[in-house]
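Spelled out from the first residue to the last, the chains are:
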Amino acid sequence: MTSSALSGVRVIDLAEVWAGPFGACLLADMGADVVKVESFPRRSLTRPLVPDARVADGPGPVYERVDSQIQGNRNKRHIALDFRSEGGGGVLRRLLAWGDLVIEGFASGTIDRAGFGWEAVHAINPRISMISMPAWGVRGPYRGYVALGSSIDAHVGHVSLRGMPGGAVEDIPGGFHTDATSPIEVVFAALTALRRRERSGEGSFIDLSQAEGFAWALAGSLGEWELAGRVPVSLGNRDPYVVPHGCYPSAVPGQWVVVAAETDAQWAGLASALGHPEWAEDGHPWASSAGRLRSRREIDREIAAFTSGQPQAEIADAIQSRGAIAAPVAAPSALLPSPQLQHRNWFRPVDQPYFGTRLFPGFLWQMQPDPPQYERPSGLIGEHNDEVLTELGYGRDEIRALEEAHAIGDRYDAETEALLGA
C-alpha cells in the first residue's frame, strides 16, 4: 500500500543525474505523485546510447540499464518531452498548472531562456513552489556555469582535505559527496515551501545553491582558518584530537577495520579487548588522552598487530562488546549479507524491466505508522506519456500528433538525434 504521508502532493521533476532526482525520489517514497520529465530527443547524462562502466549487462536498450538512472528514479511516473517545442511547452504548462512543486537543476539561466523561469511559472500557477538548484545558485558571477558533483566538491574545498597526508590533490578517492547531501536539502526545502503555502496560499521560489549547502560540511575547517589562522591538511583516517582513530589491517589481505576510542572509558574497553587492560590504568602513559596523542604511532602499531591476526567481523565484535568503536570497512558486495541491514529488511526486491527481480537499496528512514513504500521501479523513457497526458486533458489524437511532431517520445536513437540536430 502506498504511503500516505505526502499523498496529494504533486511534484514535477525536471532535474537530471542524481542530486535533484533522488530528492524527488524521497518525496515519492512518502506518497507524493512525482512526474519525471525527461528531455527528448536530447538525452540526460544517465541515458547513454553506447555501453560504459555504468551500464549493466542484459537485454533491452543501453539507456535503460544505467545504475544511477535506475536507483535515482523509483516511485515516479516518467514522461519524455521537448518542452522547447510548441507542443512540448504546452504539456509542461499544463503540468505546472497541475503541480504543487517543480524541481529543476539546469545551469542558472537555462530554464529562464526556455520560457519557464520563476515569474512565468508563478503566473501559470500562483500556488506552485519552485526549487532551482544550479551548482552555484541562481544569481552571481557563476551564472550559466555548468557542473557535476566533482566540480562542487572542488569549489568548496572538500577535495583539498580528502585523501592521505602528503598525498597529491589529484589522487583522491572517488565518490562525490554533494550528490548525497543535496537530496536532503531538496526534501527540507520542499516541505518548508509546502508548509508556508498552508499559511499564505502562495507558492515559494527556492534558490538552492548546492555549493553553499555543502560548504557547511566543512564549517569546522573554515572556522579553523578564520579564527586560528591554521590551514587544515588532509588527515587520511586520523582524527587530530582522538587516538586511536584509524584504519587497520585484518587477517585477510585487502580487508580492513576502523578502530577508535574517543573517551577514557572507550580506551579502557579497547585496551581490555586487546588483552592489555593495564594500558588504561592510572599511571600508564596511555591512560590519558594527552598521553595517547603523544604516542599515536606506538598505539597504532599495537592495534595493527592485534587486528592483523583476526577476521574483520571478529575484530569489530570483540571491540564493540567492550564499549569501544570498531567497524569493518565494507565493500559494496558486503552490504547484502550484513546482519544489521538484513534484520531491518533494508534491501527490497523489485521487478525491474529487462532485469527481472533484483534487490535494491531501501529508504533513508523508517516512519510509523506510515512507512515509505517501494511502489514503482524506475520507469522506462516515456513509459507514462499516455497516462499522464490523458490526465492533463489530452485526447488520443492530440497525443499522437505530439509524437509525430517529436514533442514527446518513448525511445532514444542516434538517427532521431541526428535528424533533429540534438
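Use the structure listed above.
Quick caveat, the model's predicted, so the values are computed rather than measured.

A. Representation of unusual backbone geometry. Each neighbour pair has its own omega, and for F40 with P41 the value is 0°, a cis peptide bond. Mapped onto the secondary structure, P41 falls in the loop between β2 (33–39) and α2 (67–71). Between V243 and the following residue, P244, the backbone shows a cis peptide bond with an omega angle of 0°. A positive phi angle is found at Y354, which is not glycine, with a value near 75°. Tracing the sequence through the fold places Y354 in the loop between β10 (348–352) and β11 (356–360). Backbone geometry places H406, a non-glycine residue, at a positive phi of 60°. In this fold, H406 is placed in the loop between α18 (396–404) and α19 (414–420).

B. Main features of the pattern of salt bridges. Counted by the stated rule, this structure contains 18 salt bridges. Ionic pairing is found between D13 and K36, a salt bridge with its closest N-O pair at 3.3 Å. Residue D13 is located in strand β1 (residues 10–13), and its partner K36 is located in strand β2; the two are separated by 23 residues in the primary sequence. Among the residues examined, D13 registers a relative accessible area of 0% and is labelled buried.

C. A look at the sheet that holds strand β9 (residues 325–328). Taken together, three strands build an open sheet; the order of strands is β7-β8-β9 and the sheet is antiparallel. In this open sheet, the two strands that pair with only one neighbour each are β7 (245–249) and β9. Averaged over all pairs of adjacent strands, the angle between their axes in this sheet comes to 20°, without regard to strand direction. Two elements, β7 and strand β8 (residues 256–260), share five bridges in a ladder whose sense is antiparallel. Within β8, the residue paired with G246 across the bridge is V259. Where helix α13 (residues 296–307) meets the sheet, it contacts β7 and β8, and its direction lies at approximately 35° from that of β7. Running at roughly 160° to β9, helix α14 (residues 312–320) makes contact with β8 and β9 of the sheet.

D. View of the side chain of Q312. On the secondary structure map, Q312 appears in helix α14. Separated by 2.6 Å, the side chain of Q312 and the backbone oxygen of W256 make a polar contact. Setting aside residues up to four positions removed in sequence, Q312 forms contacts with S250, Q255, W256, P328 and V329.

E. Broad picture of the packing of aromatic side chains. Using the criterion set out here, one finds 14 aromatic pairs in the structure. Centroid distance Y63 to Y412: 5.3 Å. Interplanar angle 80°. Geometry classified as edge-to-face. Of this pair, Y63 sits in the loop between β2 and α2 while Y412 sits in the loop between α18 and α19, placing them 349 residues apart in sequence. Geometrically, the ring pair formed by W136 and Y142 is edge-to-face, given 5.3 Å between the ring centres and 85° between the ring planes. Each member of the aromatic cluster is reached from another via a ring pair, and the members are F40, Y63 and Y412. Just above the ring of Y374 sits the side chain of R74; from NZ or CZ to the centre is 5.3 Å.

What counts and how
Sequence positions are assigned chain by chain, starting from 1 and proceeding in written order. In keeping with the model being predicted, local features are shown solely for residues with a pLDDT of at least 70 and side-chain atom pairs are shown and tallied solely at 80 or more, while totals for entire chains, interfaces and linings include all residues. Derived side-chain values reflect all non-hydrogen atoms in the structure, with water molecules and hydrogen atoms excluded from consideration. In this text, helices come from DSSP runs of H or I with a minimum length of four residues, and strands from runs of E with a minimum of two, each type numbered from the N-terminal end. The term salt bridge refers to a pairing of a side-chain nitrogen on Lys or Arg with a carboxyl oxygen on Asp or Glu at a separation within 4 Å. Per-residue accessibility, obtained with a 1.4 Å probe over protein chains only, is compared with the maximum for each type, and a residue is labelled buried under 20%, exposed over 50%, and partly exposed between these values. Paired strands, in this sense, are two strands between which DSSP finds at least two bridges. Convention adopted: a line fitted to C-alpha atoms gives each axis, helices being fitted over their contacting stretch, and angles between N-to-C directions are expressed from 0 to 180 degrees. By definition in these notes, contact holds between two residues if any of their heavy atoms fall within 4.5 Å. Two N or O atoms form a polar contact when they lie within 3.5 Å of each other; inside protein one atom must be a possible hydrogen donor and the other a possible acceptor, and for residues adjacent in sequence the pair counts only when both atoms belong to side chains. A pair of aromatic rings is counted whenever rings of Phe, Tyr or Trp (Trp by its six-membered ring) have centres within 6.5 Å, and the orientation is called stacked for planes under 30 degrees apart, edge-to-face for over 60 and tilted otherwise. Both a distance and an angle decide whether a charge sits over a ring: NZ of Lys or CZ of Arg must be within 6 Å of the ring centre and within 35 degrees of the ring normal.

Take it as geometry only, folks, not as evidence of what the structure does.
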